[in-house]
Structures are given as C-alpha cells and as structure tokens.
Amino acid sequence: MKIVGTVDELRDLLRPARRSERTIGLVPTMGALHEGHLSLIRQAREQCEVVVMSLFVNPAQFEEPADLDAYPRDHARDGELAAGVGVDYLFAPGVEEVYPQGFTSRVSVSGVTEPLEGQHRGTAHFEGVTTVVAKLFNMVQPDVAYFGQKDAQQAVVIRRLALDLDFAVRIEICPTVREPDGLAMSSRNERLSPSDRRRATALHRALRAAAEAIASDERTTGTVIAAAMAELENVELDYFELVNPDTLAPVGERIDGGEVLAVVAARVGATRLIDNQSIQVPSTSDGEQAGSAKQEVLHCSARC
Ligand code: AMP
C-alpha cells in the first residue's frame, strides 16, 4: 500500500491504471477505521482492480469546532488496517491540499439535504459533505465509490449529487455493520462511557421495535413510532421518523406497502449517534406476506 498526500502524486500513480482501463474503486473515510469501513474496502477489493481509500477529516462538515477537535485520529493504526484489507493507495491529503488558500467554491444539493440531519445539524453539514465528495470524485475519478447505509441520508444525497452533476461513477451502498448487541459501528462509539455505551443500544432497539410493529400488521404511523419511542426514553432524542427511502419525505398517517426507512438520531451523553433500518412493508395484511415480514424481523434480530 502506498500513502499519498497530494492530488498531483495521486493522479500520476493512477494514470497507468486509467490508461489500461483497470477499474478504480474509491472508499472515502474520515479514518478511525472500524469493521464498517473495512466492509466497504473489502467490497471495493472484490469488485475493483485498484482500490483507493481516502482519509480526510473534513472540517467543512463539522458544525461545532469542539466536535472536529474531538474526532478520533490515529493514522498509523488506520494505515495498518487499510493495508491489511488490500487498499492500494491511501490518499491522506492535508487540509491545505483540499482547501488551498483562496478556496471559495461550494457544491450544494437541495431537497434531500434539508430534513433530518439537515434540520438538526444545519445545511452547512451536507454542503461540507457534498463539496468534499465532489472534490474526491474529481481527484480520484473512480469508476465505483463505496458508502455505508449507516449514513442513510448521506447515501441518498451522494446518489443525487452523482446523478445531478453527471459524475461518471457508480455509487455502491454497503450494509450497516453492527456490534453483537446491535449498536451500529461508528468512530464516535469510542467516546461513549461504559454506561452510555449500554444506553446507546436504545437506537437499535427502537428501530427493531418499529420493524416488529410493522411485521405484526400495524399500519398506523403514530402507533409504530410510539412503539419505537418506548425504547428511547433514556436518550436525548433528536428525531425518530419513518420516511420514504428515496425522497426522505415522512410517510403519511398510514404506512402503505413497499419499503419505509426508519431513521433515528439521539445524543447519548455528549455523543450524537444516528442509525436507520429499511423495513419492507407487505402491501396487504394477508397471512402469507405478513408472515414473511415477521421472518425478516426474526432474521434481523438473530443477525443484529
Ligand atoms: P466516516 O469515516 O464516518 O465518514 O465513514 C466513512 C464511510 O463508512 C461512510 O460511507 C459511512 O457511511 C461508512 N460507515 C460508517 N460506519 C459504518 C457501519 N457501521 N457500517 C457500514 N458502513 C459504515
């Protein structure tokens, strides 16, 4: 694995691969790698001939300077882990390389950036994400870029960005990797005290309660949300919502057939966590379909 700090060097290194039409996969990260990141890299390794992982803690997407300062950084450990799963190029630019003096441009996506995280963290958050991802797409020019379903709204936003601005890149969204007790892996989990770590499982339990209510044929949105809320009493909730997975618009009073996305964000102690779960909703409540939805929930409980 080669560690690369500048765009010029990266372009030089990738030129032969591009000339010989080898597929280039990009996994953007902010480091503090865990199994969630490694699953993205493994998928890239399986599907692409050249794998680039970027490691850049992007100041533009942090709304609070204290949060940026507290973000865990351990480049040496990240380098070892990345090499271990087969990254070819670890692209770790400095802040001046990404945002040189005089930098004033921004890439922004409207609509899907506005609810949920956009509402709670402010629109600057996603503008920071879309600006840096657009830059990474231009710097690396990957054939495929890998993102996690863990950040469900970010995944929707990136798809929109790539489509709207004609980036010649396929966006792959990889499933959320969880701890054995269901907590979605996150670099922020490191900051949880032992008692907060126990409380943090509430997010996953709430998502599962919503999925179980739907699998038990409940179709009133308020009742499904109430089942989830019962699990969230000991955390400081930002939101729990059932939304359309493509538009992120809240589902109406009743849940129709198809797919809904349950999304949750909460503070546990000083740490803000997010999670989500896609729920398949049978279009009718006939026994066979409801039964298969229950199977899916049971399956998920066993896995998660
Ligand atoms: P981050 O370093 O937090 O910016 O995350 C880099 C990428 O890893 C993003 O596309 C995330 O969605 C993805 N990711 C983070 N946590 C997980 C997880 N638990 N499972 C799968 N992907 C994840």
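Only a predicted model underlies this, so the values are computations on that prediction, with no experimental measurement involved.

Basis of the calculations
- Residues numbered from 1 in each chain as written.
- Predicted model: local features only at pLDDT ≥ 70, side-chain atom pairs only at ≥ 80, totals over all residues.
- Heavy atoms only, no water.
- Near = heavy atom within 4 Å.
- Polar contact = N/O pair within 3.5 Å; in protein donor to acceptor, adjacent residues only side chain to side chain.
- Areas by Shrake-Rupley, 256 points an atom, 1.4 Å probe, with all protein chains shown as cover.
- Helix = DSSP H or I, 4+ residues; strand = E, 2+ residues; numbered from the N terminus.
- Buried < 20%, exposed > 50% of the residue type's maximum accessible area, 1.4 Å probe, protein only.
- Arc of directions from axis to C-beta.
- Contact = heavy atoms within 4.5 Å.
- Pairing = 2+ DSSP bridges.
- Axes fitted to C-alpha atoms, helices over the stretch in contact; angles between N-to-C directions.
- Parallel < 35°, antiparallel > 145°, perpendicular 65-115°, else oblique.
- Left-handed = near helix turned anticlockwise from the far one by under 90°.
- Nonpolar A, V, L, I, M, F, W, Y, C, P; charged D, E, K, R; others polar.
- Domains from an automatic or database assignment.
- Buried area = accessible area lost by both parts, 1.4 Å probe.
- Salt bridge = Lys/Arg side-chain N within 4 Å of Asp/Glu carboxyl O.

**Observations regarding the site of the ligand**
Here's step 1: As a structural note, the neighbourhood of the ligand is formed by 17 residues, with Met30, His37, Asp151, Val177 and Met185 the closest of them.
Here's step 2: Met30 places a main-chain nitrogen or oxygen 2.9 Å from an oxygen atom of the ligand.
Here's step 3: Contacts to the ligand include Met185, whose backbone N or O atom sits 2.9 Å from a nitrogen atom.
Here's step 4: In isolation the ligand exposes 480 Å². Once the protein is present, 92% of that is buried.
Here's step 5: Mapped onto the shell around the ligand, the elements with two or more residues apiece are strand 2 (24-29), helix 2 (35-47) and strand 5 (144-148).
Here's step 6: Element by element, the count of residues in the shell around the ligand is highest for helix 2, at 3 residues.

**Digging into helix 11 (residues 221-229)**
Here's step 1: Every buried residue of helix 11 is accounted for by Thr221, Val224, Ile225 and Ala228. For helix 11, the angular spread of the buried residues around the axis is 95 degrees, confining them to a single face.
Here's step 2: Of the surrounding secondary structure, the elements contacted by the buried residues of helix 11 are helix 10 (201-215) and strand 7 (236-243).

**With respect to the pairing of strand 5**
Here's step 1: Burial of strand 5 is extensive: 5 of the 5 residues sit out of reach of the surface.
Here's step 2: Neither face of strand 5 is open: one carries Val144, Tyr146 and Gly148, the other Ala145 and Phe147, and all of them are buried.
Here's step 3: Relative to strand 5, strand 2 runs parallel, the two sharing 2 bridges. If you follow Gly25 over to strand 5, its bridge partner there is Val144.
Here's step 4: Looking at chain direction, strand 5 and strand 6 (residues 170-174) are connected through 5 bridges and run parallel. Bridged to Phe147 within strand 6 is Ile173.

**With respect to the packing of helix 7 (residues 123-140) against helix 8 (residues 152-164)**
Here's step 1: Two elements in contact, helix 7 and helix 8, have axes whose closest approach is 11 Å; the angle formed by their N-to-C orientations is 50 degrees. Comparing their axes, helix 8 and helix 7 come out oblique. Along this stretch, helix 7 crosses helix 8, giving a crossing that reads as right-handed. Two secondary-structure elements touch here, helix 7 through Phe126, Val129, Thr130, Val133, Ala134 and Phe137 and helix 8 through Gln153, Gln154, Val157, Ile158 and Leu161.
Here's step 2: For the contact of helix 7 with helix 8, the per-class residue count stands at 8 nonpolar, 3 polar and no charged.

**Brief notes about the sheet that holds strand 3 (residues 50-55)**
Here's step 1: Strand order in the open sheet formed by 6 strands is 1-4-3-2-5-6, with parallel pairing between adjacent strands. Every interior strand has two partners, whereas the edge strands, strand 1 (2-4) and strand 6, have only one. On average, each strand axis in the sheet is inclined to that of its neighbour by 25 degrees, with strand direction left out of account.
Here's step 2: Where helix 7 meets the sheet, it contacts strand 2, strand 3, strand 4 (89-91), strand 5 and strand 6, and its direction lies at approximately 150 degrees from that of strand 2.

**Section: the sheet that holds strand 9 (residues 271-281)**
Here's step 1: The 3 strands are arranged 7-8-9 in an open sheet whose pairing can be described as antiparallel. Each edge of the sheet is formed by a strand with only one pairing partner; in this case those strands are strand 7 and strand 9. Mean inter-strand twist for the sheet, computed between neighbouring axes without regard to direction, equals 10 degrees.
Here's step 2: Where strand 8 (residues 258-268) and strand 9 come together, 11 bridges link them in antiparallel fashion. What sits directly across from Ala262, in strand 9, is Gln277.
Here's step 3: In the packing of helix 10 onto the sheet, the strands contacted are strand 7, strand 8 and strand 9, and the crossing angle to strand 9 comes to about 15 degrees.

**Quick look at the domain arrangement of the protein chain**
Here's step 1: By the assigned domains, the protein chain splits into domain 1 (2-174) and domain 2 (187-303).
Here's step 2: A C-alpha centroid distance of 27 Å is found between domain 1 and domain 2.
Here's step 3: Taken together, the contact between domain 1 and domain 2 spans 22 residues of the former and 19 residues of the latter.
Here's step 4: Where domain 1 abuts domain 2, roughly 1,600 Å² becomes buried across the two surfaces, and 51% of that area is made up of carbon and sulfur atoms.
Here's step 5: By the criterion of area lost to domain 2, the three top residues of domain 1 are Leu116, Glu117 and His120, representing 31% of everything that side buries.
Here's step 6: Where domain 1 meets domain 2, there are 3 salt bridges.
Here's step 7: Here Asp67 makes a salt bridge to Arg188, at a shortest N to O gap of 3.1 Å.
Here's step 8: The set of elements that each furnish at least two residues to the side of domain 1 that touches domain 2 consists of helix 3 (65-70), helix 6 (117-121) and helix 8.

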